[in-house]
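One letter stands for each residue in the lines below.
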Amino acid sequence: MSATENAAPLLVLKKITAILDAFSLARPEMSLAEIRAETGLPHSTVQRLVTNLVHEGLLDRRGDHFRIGLRMTHWAAPARQGLDFLELLTPVIRRLRDELGETVCIFRESRGSRVCIAVAETRRVLRRAVEVGDIMPLHAGSAGRVLLAWNTDLAEKVYGSGLQSMTDRTITDAANLDAAVAKTRADGFAITTGERVSGASGLSAPIFGPQAELYGALTVMGPTMRMPYDVCASWIEPVIAAAAEGTRLIGGSLPSEEVPIS
C-alpha cells in the first residue's frame, strides 16, 4: 500500500474527529451549517460524513440539528472504568498551567471550607504557594465564589457564619457577598483580586459531576502583578473551556437553570 493510500484513512479520521470535537456541553446540538462553520470543512464533506455518522449511531438527528449519538456512551463508560476523577482531571489542569503560565488548582467544599484537591504549580520563581490539602475560607477568593454559587444551602450557612476580614478587599457584608455570588452564577466564572491575600488574584470556573451537581472549582491563581483584572478577563475563555473539558471527562453535565441548585 502506498503512502498516499495510508494517509487517506487518517485524513478521513481527522475530519470525523473535527466534527465530533465541534460539539460541547455548552453547544450540544448543531445544524449542518454550524458544523461547517465550526470545522471549516467543505459543505459536501460535512454532509457526507455527518450522514455516515448518523447511520453508525455516532451522531443522532433531531429535525435539522445533530448531537452526539447515544452509542458513544457505550465507549465512555469503559474508558473511565478504573480511573478516579483526579486522574482524569490532572492532565487538564497541567495543560492549562502550561498555556497560561500560572498555578492551576481544583478546590472542593469540605466542612464549610474549601480544600485544594489537585494542583499544577507554576514553573515561575515568584508564586503563591499552595499544596494539596490546603484549607481556605469560602467567602474570600474566586474558588469560594464558585463553590457558593451552585450551592444555596452552603451559601446561606456561610453568610450567617460571620465573614472575617482577611484583607481590605475581603467582602464582609452578607448582602454584598450574596450579590457577588449571584453574579458568579450568572456569568459562569469569578475573578477576584486581593480578597484572601493581598497582591494575589484568582479566576475560577465550575466543574460539574454526573448528576449535574457541582464537583468543584477550577482555579488559576497567581500574583496580581502578573494577573491584574484585565489579564484575568482575557483568560476567561480558556479557563471556562478547561472546566467544561473537566466536566465532560468525568461524565458530568451542565445543570438546568430551571432546577433550583441544592
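These lines cover the structure that appears in this document, whether it is placed above or below. Sequence order sets the numbering: in each chain, residues are counted from 1 along the sequence as written. Only residues with pLDDT of at least 70 are given local features in this predicted model, and only at 80 or more are side-chain atom pairs given and counted; all residues enter the totals for whole chains, interfaces and linings. With hydrogens and water set aside, each side-chain value is computed from the structure's full complement of heavy atoms.

1. Quick word on helix α8 (residues 174-187)
Definition in use: What counts as a helix is a DSSP run of H or I of at least four residues, what counts as a strand is a run of E of at least two, and both are numbered from the N terminus. Here, expected helix span is obtained from the residue count minus one, scaled by 1.5 Å. Each residue is assigned to one of three classes by its accessible area relative to the maximum for its type, calculated with a 1.4 Å probe on protein chains only: buried under 20%, partly exposed between the two thresholds, exposed over 50%. Picture the helix axis, draw a direction to every C-beta atom, and the arc is the one those directions span. Residues count as neighbours in contact if any of their non-hydrogen atoms are within 4.5 Å of one another. Polar contact criterion, stated in full: a pair of N or O atoms within 3.5 Å, where within protein one must be able to donate a hydrogen and the other to accept it, and residues adjacent in sequence count only if both atoms are side-chain atoms.
Across its 14 residues, α8 extends 20 Å between first and last C-alpha, which sits within 8% of the 20 Å expected from 1.5 Å per residue. Burial in α8 covers these residues: Leu177, Ala180, Val181, Thr184 and Arg185. For α8, the angular spread of the buried residues around the axis is 140°, confining them to a single face. Away from its buried face by more than 90 degrees, α8 exposes Ala175, Lys183 and Ala186. At its buried positions, α8 is contacted by α6 (142-149), α7 (152-159) and β7 (190-193). Between a side-chain oxygen at the N-terminus of α8 and the backbone nitrogen of Ala175 the separation is 3.1 Å; the capping residue is Asp173. Of the residues flanking the end of α8, it is Gly188, one or two places downstream, whose phi is positive at about 90°.

2. Considering the environment of Asp64
By the element assignment, Asp64 lies in the loop between β2 (59-62) and β3 (65-68). Separated by 32 residues in sequence, Asp64 and Leu32 place their C-alpha atoms 7.7 Å apart. Those residues in contact with Asp64 that sit more than four places away from it in its chain are Met30, Ser31 and Leu32. Among the polar contacts made by the side chain of Asp64, one reaches the side chain of His65 at a distance of 2.7 Å.

3. With respect to the sheet that holds β7
We count it as follows: Two strands are counted as paired when DSSP detects at least two bridges linking them. Angular values range over 0 to 180 degrees, each being the angle between N-to-C directions of two axes fitted as lines to C-alpha atoms, with helices fitted over their stretch in contact.
Read from one edge of the open sheet, six strands run β6-β5-β4-β9-β8-β7, paired in antiparallel fashion. In this open sheet, the two strands that pair with only one neighbour each are β6 (135-136) and β7. In this sheet, β6 lies alongside strand β5 (residues 113-120) in antiparallel orientation, the contact comprising two bridges. Bridge pairing links Val115 to Ile135 in β6. Its contacts with the sheet place helix α5 (residues 85-100) against β4 (103-110), β5, β8 (200-208) and β9 (214-223), and it is angled at close to 25° to β9.

4. Thoughts on the pairing of β7
Burial along β7 is two-sided: the face carrying Ala190 and Thr192 and the face carrying Ile191 and Thr193 are both buried. Taken together, the four bridges between β7 and β8 define a ladder with antiparallel strand orientation. Each residue of the ladder has a partner; that of Thr193, found in β8, is Ser201. Once β7 ends, the chain turns through six residues before running back antiparallel as β8, passing Gly194 with a positive phi of about 70°.

5. Comments concerning the sheet that holds β2
If you trace the three strands from one edge of the open sheet to the other, you get β1-β3-β2, paired in antiparallel fashion. Every other strand in the sheet has two partners, leaving β1 (29-31) and β2 as the edge strands with one partner each. Neighbouring strand axes in the sheet, compared pairwise and without regard to direction, differ in orientation by 35° on average. Packed on one face of the sheet, helix α2 (residues 32-39) meets β1 and β3 and runs near 95° to β1.

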